[in-house]
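The primary structure of each chain is shown beneath.
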Number of protein chains: 2
Amino acid sequence: MKKKNKKIRVTFLPEGKKVTLSNPIELKELIKNSSINFSFPCGGLGICGKCKVKISGRVNPLTLKEKKLIPEWIEKGYRLACQVRIEGDAKVEIPSSGVISELKFLTQGLGKTPQVNPGVEKIYLPLPSPSLKDQLSDVTRIKNQLIKKGYKDLSISLDLVRKVPTIIRKSNFNVTVVLKDREIIAIEKGDTRGKKFGLAFDIGTTTVVGALMDLDTGERIAERAILNPQVIHGDDIISRISYIQSNPGGLKKLQRIILKGINQVITYLVSKAKVKRDNIYEATFVGNTVMQHILAGINPVNLALYPYVPAIQDSISINSSKLGIKINSGGKVYIFPSIAAFVGGDTVGVILTTELHHMKKGVKLAVDIGTNGEIVLSKEGKLVVASTAAGPAFEGARISQGMWAQEGAIEGVKLENGEVKLKVIGEVEPRGICGSGLLDAVSEFFREGIVDRSGRIKPRNRQKKIWRERIKEDDEVKFILTENKNNGYIYISQKDVREFQLAKAAICAGIKILLKTVDLQEEIVEEVLLAGAFGNYINIHSAYNVGLFPFFPNARVRIIGNAASLGAIKALISKEDRQEAELIPSLASYVELAAQPYFQDILTNCLFLGESKPP
Amino acid sequence: MKKKNKKIRVTFLPEGKKVTLSNPIELKELIKNSSINFSFPCGGLGICGKCKVKISGRVNPLTLKEKKLIPEWIEKGYRLACQVRIEGDAKVEIPSSGVISELKFLTQGLGKTPQVNPGVEKIYLPLPSPSLKDQLSDVTRIKNQLIKKGYKDLSISLDLVRKVPTIIRKSNFNVTVVLKDREIIAIEKGDTRGKKFGLAFDIGTTTVVGALMDLDTGERIAERAILNPQVIHGDDIISRISYIQSNPGGLKKLQRIILKGINQVITYLVSKAKVKRDNIYEATFVGNTVMQHILAGINPVNLALYPYVPAIQDSISINSSKLGIKINSGGKVYIFPSIAAFVGGDTVGVILTTELHHMKKGVKLAVDIGTNGEIVLSKEGKLVVASTAAGPAFEGARISQGMWAQEGAIEGVKLENGEVKLKVIGEVEPRGICGSGLLDAVSEFFREGIVDRSGRIKPRNRQKKIWRERIKEDDEVKFILTENKNNGYIYISQKDVREFQLAKAAICAGIKILLKTVDLQEEIVEEVLLAGAFGNYINIHSAYNVGLFPFFPNARVRIIGNAASLGAIKALISKEDRQEAELIPSLASYVELAAQPYFQDILTNCLFLGESKPP
């Protein structure tokens, strides 16, 4: 007798999560459906070779793509998750680097604390009890007491009105009212002053950074950075938009994913800081324009289509419960205004933090390096902004053994007397290399003559003797940094150097084109402010050595950490800063770099390593 | 073999609706669950004897309550629906008077048309197409064109932002923008000017009246009145509140019921007027405070508990889609402000219509007679208001053969030379008697000496000869008005006269107490304005004859129709009137009649028929 419908059992390691299936399924689908945190950097197209998993059990045979992309991993039992079809019981081992976990926190900031003057206020209000001689409604009873304290023209949502009768009677007419601007957003039993919190989020293409703030003191009481869980559907904004375009319901799905990630961060923060979720009344968000569109549930597709226009560039204010952010149900969400399709609220945040718009004299430059690089030039407070697509190489993606700046990532490389000295996050066994390590490595290769100015890794026989044994010449040339017992060699390949060159050329050319467009020379720049996750850890000597930016003979280069995130914090804890954020987009002119006639020349020129001269 | 789970089939006539059950069930539950429009005037407690249905099939035996309340109906196959348990297949015939249907429309109004200046505007807007030189966001593109036309500081909801990119591209950048005050509430393809509609609703305890208005011309293009479908859970506000208190989820259920009724009215109106639902942008609502609370989903329980305070007395503005009113998804709902627990937005509407607050000199009185009677006194524009619980007798409830002012209702009665002359709505076979008919009947009884001043129907042997044969002395004394082939006699019983006396005493005493409280005499009143469903059809001679109100020697009495509903219309089509509505509650003082020391004396005195002297 034929056995029908035998169940398929799949176990995911190291978590041990078990899934039972009735039918064979693509592993990619299974991972997505089972809420396994795992990223497909190229969106599962089988081109990046990054979604390696160890598999045993009944699966489909190896594909050509796997044989081409990960030949050295196959014998160790690895497959590319995007190429696997589960056909019977199987075990899937997910390497820990694919799991979303805490990143090194990126908000060391500028050190300047904004004035604490948040839009959220708490007022303790003992109310007179109603009587036949005082039959005022509950809402008017509250409003009248607030009027006595000088608060006028107050509004209250119907959702809250519905709760008022119960709250004020349960609290014996002693309540604390929470005001946001002129709206009563919460009414709480008894005296709850001193418990007033807010959240500031930076939603990057690659990372999500959240800070829990005490709105009374302005103190940052907890913080958390995770990988943006949307990476499962592609590692840059264009692949996210493609996903939305080619999947019905794709926008809602990506929105749900980011909301889930944000709410996980909130859960972590409230639990770590021992704060009640209901005592969080506001959350501010910065992000690039695409991330902000998706967060708000707005289709970003026109951002990727000529002539690249956002649906909205104004800020968005909405109730937390309407968006699905799990804080006080009357809480507010503020999403920053954007400047252009590729210069979003994160750049507004950088400007707010650096106060470039307040400069009275001189010229300064801020560069926020992420998956995109946003460049802000201020000449006496007049702002010109541009965006350049660096790609995710600086964040470790599209690099053979690239990884995010997590434990186990090589973040610094030094070549000395034939030795390779590595700095590893967490001082553990290295598992891969992150952006700053890649920059160091290429810089050192260039200094030691391992690569030439064009970025070519010289053939083994033309290398210095001390480095020769580290050069492997398989299907492509590689430099072995170190050997790791579990994962084998950790190396930089020729393709990795090329990816790096593309990324650094984008940043360097972006800056040069922007300066040229406004008719300024590098000499006039007096300060370069370097912001962003990658910018936070880089060695400035390495950056100059490879030509990550043009040479500024008169400029001080300062690393300012996650300035976008700090902008979100400032707008959370200061009404004045919020107003500034609203104003900034109107002060900035956007330059479409690719539309400049010298774009291609300068970009090509910047591909060379070393200080690139203007063409 | 024992047959298990035999299905029970129940057929409802005259609709023919069939319901299949697995188990026996109370008929009351079945009617509620099956959305059969049928009212239980006392909330199904078996005390009013009004929920008569004709039943054949397997049901429980007659109860004591039925034997006491409807002895004369039992042999004709009638039962009280609230006392019946369905135990097997059955047929249930619902008398048509219990079915919600169109009522005589009640908004003949004051004849004065307000200025047309609604808050909703339409602006046709050809937009410039975006280009590399004009990368403005879609929303800013629209706002900038509006700024050119003088509209500033505009907001737009996130829900609408999400739709903007598709709408403006599908319409080739030719759109019509709908503004409500400073909010963009809709963006439509092409030029849709000239299609701009609104709704004005009066939500009474007993009736729901809706009018569809053309917001360009101010014309009333369709209207509809139905019974409030909440009557299924009791015929006055106190029984509705009791239902909420004693049933978990009762508030949500009553809210759903009224929303469903409102949406049915809208469906009727748009289909009758051939208007698109999406071209309706606003709906205004008046109602008593309890109806308004339930409509907004606010628990009204404290309105019935000492010291009788509303949750809210301010107006409520909310998105139609959030409340569940099926008009344009960006449309707005405006619920009138209230004055006190029992003086609601309907009274504000009456004041707005009568403009009593604008009187420069003299004294006028407006009385809105519904299930409650609201009284407004204006002395030189200074307003004093009160409420008196008339009960639903004037609307036909709690009267042996009472019915709403529908086809078949006796609305006028005249006794002449031993003959009874009846005026029947629709000039059909009479089925029952409505409020104005009851008033006429009692007035004629009093004039002819059939009842004495105390309201007692004299014994048969003490009646004039011409009326004797119409007096029946069964368990209680009755006067037979006519004989109807289907339903038997149509009569007024002693109990009916008593119910009438209670209702008229409430109104008359309310007016007297209010005048006394502000130290005024009847002589000073120069006009009495009579509003409301009942007020619309009454014979003023009858009203004076029985003492429905005190004698005003110097006053003209005017019938002004549904002034509350007209108030809702005014606030819909005129911004200035909306502002007036907001202002009115602050101009009115509320008097709690029952708290006055002479309350009981005056009320008792007013129970007598004929002009009642002050005690």
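Just so it is clear, the model here is predicted, and its values are computed rather than measured.

Brief notes about the overall build of chain A
Argument step 1. Helix and strand counts for chain A stand at 17 helices and 28 strands.
Argument step 2. Its C-alpha atoms give chain A a radius of gyration of 27 Å, near enough to 25 Å, the size a compact globule of 615 residues would have.
Argument step 3. Overall, the C-alpha framework of chain A stretches about 100 × 85 × 45 Å when taken along its three principal axes.
Argument step 4. Taking all 615 residues of chain A together, 51% fall into the buried category.

Digging into the environment of B:L303
Residue and element names in this part refer to chain B.
Argument step 1. Within the element layout of this structure, L303 appears in the loop between helix 8 (289–295) and strand 15 (316–319).
Argument step 2. For L303, a count of 25 C-beta atoms within 10 Å gives the class buried.
Argument step 3. Taking the C-alpha atoms as reference points, L303 and L125, 178 residues apart in sequence, are found 48 Å from one another.
Argument step 4. Once you skip the residues sitting within four places of it in the chain, L303 turns out to touch I241, T289, V290, H293, Y308, P310 and A341.

Quick look at the domain arrangement of chain A
Argument step 1. What the domain assignment reports for chain A is domain 1 (8–96), domain 2 (120–189), domain 3 (197–335), domain 4 (355–392 + 500–606) and domain 5 (401–495).
Argument step 2. Taking only C-alpha atoms into account, the centre of domain 1 of chain A sits 56 Å from that of domain 2 of chain A.

Quick word on the interface of chain A and chain B
Argument step 1. Each partner contributes to the interface: chain A provides 33 residues, whereas chain B provides 33 residues.
Argument step 2. Partitioning the side of chain A that touches chain B into residue classes produces 21 nonpolar, eight polar and four charged.

Thoughts on unusual backbone geometry
Argument step 1. Omega for the bond connecting A:Y306 with A:P307 falls within 30 degrees of zero, at 0°, which places this linkage in the cis form.
Argument step 2. Relative to the elements of secondary structure, A:P307 occurs in the loop between helix 8 (289–295) and strand 15 (316–319).
Argument step 3. A positive phi angle, close to 55°, is found at A:D181, a residue other than glycine.
Argument step 4. Here A:D181 falls in the partly exposed class, since 14 other C-beta atoms lie within 10 Å of it.
Argument step 5. The backbone of B:Y308 sits at a positive phi, close to 60°, despite the residue not being glycine.
Argument step 6. Within the secondary structure, B:Y308 sits in the loop between helix 8 and strand 15.
Argument step 7. Residue B:Y308 is classed as partly exposed on the basis of its 17 C-beta neighbours within 10 Å.

Details of the confidence of the model for chain A
All names here are of chain A.
Argument step 1. Mean pLDDT over chain A stands at 90; residues scoring 70 or higher make up 93%.
Argument step 2. Below pLDDT 50 for its whole length, residues 97–111 participates in 46 contacts with residues either more than four positions away or in separate chains.
Argument step 3. Predicted as a complex, the structure gets a pTM of 0.84 and an ipTM equal to 0.83.

Quick word on the relation of the copies chain A and chain B
Mapping one chain copy onto the other needs a rotation about an axis and a shift along that axis.
Argument step 1. The two copies are related by a screw operation: chain A maps onto chain B through 180° of rotation and 0.1 Å of translation along the axis, at an RMSD of 0.2 Å. Those values place the two copies in the arrangement expected of a two-fold rotation axis. The position closest to the rotation axis in chain A is occupied by the C-alpha of A:K322, lying 5.4 Å away.
Argument step 2. When the interface residues of chain A are mapped onto chain B, 100% of them again fall at the interface, so both copies present the same face.

Some words on the sheet that holds strand 10 (residues 183–189) of chain A
All names here are of chain A.
Argument step 1. Taken in spatial order, the four strands of this open sheet run 7-9-10-8, and their pairing is mixed. The strands lining the two open edges of the sheet, one partner per strand, are strand 7 (120–126) and strand 8 (155–156).
Argument step 2. With six bridges connecting them, strand 9 (residues 174–180) and strand 10 associate as antiparallel partners. Looking at strand 10, one finds that K180 is bridged to E183.
Argument step 3. Taken strand by strand, helix 4 (residues 138–148) contacts strand 7, strand 8, strand 9 and strand 10, and its axis lies near 105° from that of strand 7.

As for the environment of A:F599
Residues and elements named next belong to chain A.
Argument step 1. Within the secondary structure, F599 is located in helix 17 (residues 599–606).
Argument step 2. Separated by 87 residues in sequence, F599 and K512 place their C-alpha atoms 9.4 Å apart.
Argument step 3. Apart from the residues within four sequence positions on either side, F599 is in contact with I513, L593 and A594.

Observations concerning the sheet that holds strand 22 (residues 432–433) of chain A
By definition, the strands of a sheet pair up through backbone hydrogen bonds, in either a parallel or an antiparallel sense.
All names here are of chain A.
Argument step 1. Strand order across the open sheet formed by three strands is 21-20-22, with mixed pairing between neighbours. In the strand order of this sheet, the two ends are held by strand 21 (419–424) and strand 22, each with one partner.
Argument step 2. Bridge count for strand 20 (residues 409–416) against strand 22 is two bridges, and the pairing is parallel. Within strand 22, the position partnered with A409 by the bridge is G432.
Argument step 3. Across the face of the sheet, helix 11 (residues 435–447) comes into contact with strand 20 and strand 22 while running at roughly 15° to strand 20.

Looking at the nonpolar core
Argument step 1. Core analysis: the biggest nonpolar cluster contains 357 residues, and A:F285 and B:F285 have the highest contact counts within it.
Argument step 2. With near-sequence residues (within four places) excluded, B:F285 lies in contact with B:F201, B:I203, B:Q292, B:L295, B:V333, B:Y334, B:I335, B:F336 and B:A568.

A word on the packing of helix 10 (residues 345–354) of chain A against helix 15 (residues 563–573) of chain A
Residue and element names in this part refer to chain A.
Argument step 1. Between helix 10 and helix 15, whose axes approach to 7 Å, the crossing angle comes to 75°. Comparing their axes, helix 15 and helix 10 come out roughly perpendicular. Within the contact between the two elements, helix 10 uses D346, V348, G349, V350, L352, T353 and T354 and helix 15 uses A563, A564, S565, L566, G567, A568, K570 and A571.
Argument step 2. Residues that form the contact of helix 10 with helix 15 fall into these classes: eight nonpolar, five polar and two charged.

Examining helix 17 of chain A
Argument step 1. Listing the buried residues of helix 17 of chain A in full gives A:I602, A:L603 and A:C606. Seen along its axis, helix 17 of chain A keeps its buried residues to an arc of 100°; they face one direction.

Side note on the pairing of strand 9 of chain A
Residues and elements named next belong to chain A.
Argument step 1. Relative to strand 9, strand 7 is paired through seven bridges, and the arrangement is antiparallel. Bridging across to strand 9, P126 finds its partner in N174.
Argument step 2. Joining the antiparallel neighbours strand 9 and strand 10 is a turn of two residues, in which D181 adopts a positive phi near 55°.

Quick look at the environment of A:N33
Argument step 1. Within the secondary structure layout, A:N33 lies in helix 1 (residues 27–33).
Argument step 2. The exposure class assigned to A:N33 is exposed, which follows from the 11 C-beta atoms found within 10 Å.

Criteria and thresholds
- Residues numbered from 1 in each chain as written.
- Chains lettered and ligands numbered in written order.
- Predicted model: local features only at pLDDT ≥ 70, side-chain atom pairs only at ≥ 80, totals over all residues.
- Helix = DSSP H or I, 4+ residues; strand = E, 2+ residues; numbered from the N terminus.
- Rg over C-alpha atoms; globule rule 2.2 N^0.38 Å.
- Buried ≥ 20, exposed ≤ 12 C-beta atoms within 10 Å, placed from the backbone.
- Contact = placed C-beta atoms within 7 Å.
- Domains from an automatic or database assignment.
- Nonpolar A, V, L, I, M, F, W, Y, C, P; charged D, E, K, R; others polar.
- pLDDT = per-residue confidence, 0-100.
- Least-squares fit on C-alpha atoms with pLDDT ≥ 70 in both.
- Pairing = 2+ DSSP bridges.
- Axes fitted to C-alpha atoms, helices over the stretch in contact; angles between N-to-C directions.
- Core = buried A, V, L, I, M, F, W, Y, C linked by C-beta atoms within 7 Å.
- Parallel < 35°, antiparallel > 145°, perpendicular 65-115°, else oblique.
- Arc of directions from axis to C-beta.

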